[in-house]
Amino acid sequence: MFSIQSKWRYLIMFLGIQLVVMALLSREGYQKRVTYFIRIFRKPDGGALSGRNHTTPTISGGDVYANLSHLPKAHGHRDDMPYCPKTSPLIGGPIHVSFPSRLSLAEVERKNPLVVRGGRYRPPDCVARHRTAIIIPHRHREHHLKFLLYYLHPFLQRQQLTYGIYVIHQAGNYTFNRAKLMNAGFREAMKEEDWDCLFFHDVDLIPEDDRNTYVCDSNPKHAAIAMDKFGYKLPYKMYFGGVSALTPLHYLKMNGFPNNYWGWGGEDDDIGVRVSLGGMYITRPSLKVGRYKMIKHKLDKGNDVNPKRFNMLAKTRQTWRTDGMNTVEYEVISREYLPLYTNITVNIGTEAGLHPPPRTPAPAPKAEAKDVAEKLKEK
């Protein structure tokens, strides 16, 4: 009798526990359903956007210009100006990137009233903690440059940086040399100002998240870790292409960039090896933050694939100390301080050098020399 009563008691307890659990689950499901429908009908705002910084409630729709409208329209720098916060309150996270066909440089200029001649900017209401120069190697890519400037100016302003944008334009029609242009850009930018960080930026890459801050790390930084053309993944571990950042000290330690990569490919990997040879390592933002959209285009005329790149890469350990910032040769043809950037046009020469020696004229044929001598006698 005792055993039967015990069984009934345990059975009733088990059923009671099941009822309690079912009630709790039903309540939780009810709350989830209610929350789901509230989210559907609630008006979206900056705080509802996933991955956004909740300190910036004015962000809406991922517009890169959305939270800059409240900034003072004129610089009011005073001696008692406070430093900008360590983390800018203007940073909003993901940015919507598109390429409107009717965009003009005049429109970009109109939307960036605080950018002064030469593409310079400083925060109007605080003293920036970082000073960054953007170096863009360039030739025949004005269409891409227009879009980069449209996004890059507000992107940097949201980070409360003091910055300047330098476009280093290769003169002539000889094969393009991206790394040599970056060497020239570093030297020319540092002549103008004591920048504490330099970003070397391809003209066709648009950043998609302003949490990817354009300031240097303690080691060389590869910022473009997740490009759409690679499925927003790092293609291989030592990749250092697209957008990278160095302090002047980093640049000196690795002897700058190679000067002998004419055409497309190879120089990025050479630079990545130089980082290691200089006793440093590559830092990167997260895949979620270091996202870039590439402007689609065909391979440029005059920038054909470099057939020598693999042989050159195999010799980087032997050549990096004798080919770089200490051997770069170029001539500045012009320097223009335009409303949105400083344009520096340079002659970087050819594979034969900056000023290849003139060819020695072939000696005149003997018969021709004899005729000349006879004519002189007649006179």
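For the structure, see preceding data.
Note that this is a predicted model, so its numbers are computed, not measured.

Reading the values: the criteria
Residues numbered from 1 in each chain as written. Predicted model: local features only at pLDDT ≥ 70, side-chain atom pairs only at ≥ 80, totals over all residues. Heavy atoms only, no water. Helix = DSSP H or I, 4+ residues; strand = E, 2+ residues; numbered from the N terminus. Buried < 20%, exposed > 50% of the residue type's maximum accessible area, 1.4 Å probe, protein only. Contact = heavy atoms within 4.5 Å. Areas by Shrake-Rupley, 256 points an atom, 1.4 Å probe, with all protein chains shown as cover. Disulfide = S-S within 2.5 Å. Pairing = 2+ DSSP bridges. Salt bridge = Lys/Arg side-chain N within 4 Å of Asp/Glu carboxyl O. Expected span 1.5 Å × (residues − 1). Phe/Tyr/Trp six-rings, centres within 6.5 Å; stacked < 30°, edge-to-face > 60°. Lys NZ or Arg CZ within 6 Å of the ring centre and 35° of its normal.

S.K.: Give me the overall build of the protein chain: which residues, what numbers.
M.R.: The secondary structure content of the protein chain amounts to nine helices and eleven strands. Taken across its 379 residues, the protein chain has 45% of its residues classed as buried. Sequence separation of at least 24 residues holds for 81% of the intrachain contacts in the protein chain that already meet a minimum separation of 6. For the protein chain, the computed accessible surface area is about 21300 Å², with 58% contributed by carbon and sulfur atoms.

S.K.: Lay out the state of the cysteines with the relevant residues and their values.
M.R.: What the rule picks out here adds up to two disulfides. Disulfide pairing is shown between Cys 84 and Cys 126; the S-S distance is 2.0 Å. Of note, the bridge from Cys 84 to Cys 126 carries an S-S torsion of about 85° and is right-handed in sense. Here Cys 84, found in the loop between helix H1 (2-41) and helix H2 (105-110), pairs with Cys 126, found in the loop between strand S1 (120-121) and strand S2 (131-138); they are 42 residues apart in sequence, far enough to count as distant. The same class applies to Cys 84 as to Cys 126, namely buried. With a sulfur-sulfur separation of 2.1 Å, Cys 197 is cross-linked through a disulfide to Cys 216. Handedness of the Cys 197-Cys 216 disulfide follows from its S-S torsion of about 80°: it is right-handed. Of this pair, Cys 197 sits in strand S4 (residues 197-201) while Cys 216 sits in the loop between strand S5 (205-207) and strand S6 (221-222), and the two are 19 residues apart along the sequence. Across the pair, Cys 216 and Cys 197 agree in class, each one buried. Bonded cysteines in the protein chain are paired 1-2, 3-4 when counted in the order they occur along the chain.

S.K.: Give me the sheet that holds strand S7 (residues 226-227): which residues, what numbers.
M.R.: Taken together, three strands build an open sheet; the order of strands is S5-S9-S7 and the sheet is mixed. Looking at the sheet topology across the chains shown, the edges are occupied by S5 and S7. Inspection of the sheet shows S5 paired to strand S9 (residues 291-294) by three bridges, in the antiparallel sense. Within S9, the residue paired with Leu 205 across the bridge is Met 294.

S.K.: Help me get a handle on the pattern of salt bridges, residues and values and all.
M.R.: Tallied over the full model, the rule gives 16 salt bridges. Here Arg 131 makes a salt bridge to Glu 193, at a shortest N to O gap of 1.7 Å. With Arg 131 in strand S2 and Glu 193 in the loop between helix H4 (178-192) and S4, this pair connects stretches of sequence that are 62 residues apart. Taking relative accessible area as the criterion, Arg 131 reaches 29% and is therefore assigned partly exposed. The residue Arg 335 makes a salt bridge to Glu 188 at a minimum N-O spacing of 2.4 Å. On the criterion of sequence distance, the pair formed by Arg 335 in strand S10 (residues 331-337) and Glu 188 in helix H4 is long-range, its members being 147 residues apart. Residue classification places Glu 188 among the buried positions, given a relative accessible area of 2%.

S.K.: Let's hear about the side chain of His 250: which residues, and what values?
M.R.: Positionally, His 250 belongs in helix H5 (residues 248-253). Excluding anything up to four places from it in sequence, His 250 contacts Asp 217, Ser 218, Asn 219, Pro 220 and Met 280.

S.K.: Describe H4, listing the residues and the values that go with them.
M.R.: Residues spaced three or four apart along an α-helix point in a common direction, a consequence of the helix completing one turn every 3.6 residues. Under the 1.5 Å per step criterion, the end-to-end length of H4 is 21 Å for 15 residues, consistent within 8% with the ideal 21 Å. Three or more residues of H4 are buried, namely Arg 178, Ala 179, Lys 180, Leu 181, Met 182, Asn 183, Ala 184, Gly 185, Phe 186, Glu 188 and Ala 189.

S.K.: So, the packing of aromatic side chains: which residues are in play, and what are the values?
M.R.: With the rule as written, the count across this model stands at 13 aromatic pairs. Relative to Phe 147, the ring of Phe 99 has its centre 5.2 Å away and its plane inclined at 70°; by these criteria the two rings are edge-to-face. Residue Phe 99 is located in the loop between H1 and H2, and its partner Phe 147 is located in helix H3 (residues 142-158); the two are separated by 48 residues in the primary sequence. Arranged with centres 6.3 Å apart and planes meeting at 85°, the rings of Tyr 166 and Trp 195 form a pair that is edge-to-face. Note that Tyr 166 is positioned in strand S3 (residues 162-170) and Trp 195 in the loop between H4 and S4, a separation of 29 residues in sequence. Judged by its relative accessible area of 0%, Tyr 166 is buried. Ring pairing ties together the aromatic residues Phe 186, Phe 200, Tyr 251 and Phe 257, which thus form one cluster. One cation-aromatic arrangement involves Lys 111 over Tyr 65; the distance from NZ or CZ to the ring centre is 4.6 Å. Taking the ring centre of Tyr 232 as reference, the NZ or CZ of Arg 291 above it sits at 3.6 Å.

S.K.: Outline unusual backbone geometry, listing residues and values.
M.R.: A positive phi angle, close to 55°, is found at Tyr 232, a residue other than glycine. Overall, Tyr 232 belongs to the partly exposed group, its relative accessible area being 21%. The residue Asn 255 is not glycine, and still its phi comes out positive at about 60°.

S.K.: Which residues make up the pairing of strand S8 (residues 243-246), and what values go with them?
M.R.: Along a regular strand, successive side chains alternate from one face of the sheet to the other. Of the two faces of S8, both are covered, the one formed by Val 243 and Ala 245 as well as the one formed by Ser 244 and Leu 246. Relative to S8, S4 runs antiparallel, the two sharing four bridges. In the sheet register, Leu 198 faces S8, and the bridge partner there is Leu 246. Note that S6 and S8 share two bridges and pair antiparallel. If you follow Lys 221 over to S8, its bridge partner there is Ala 245.

Purely geometric stuff here, so don't read any function into it on its own.
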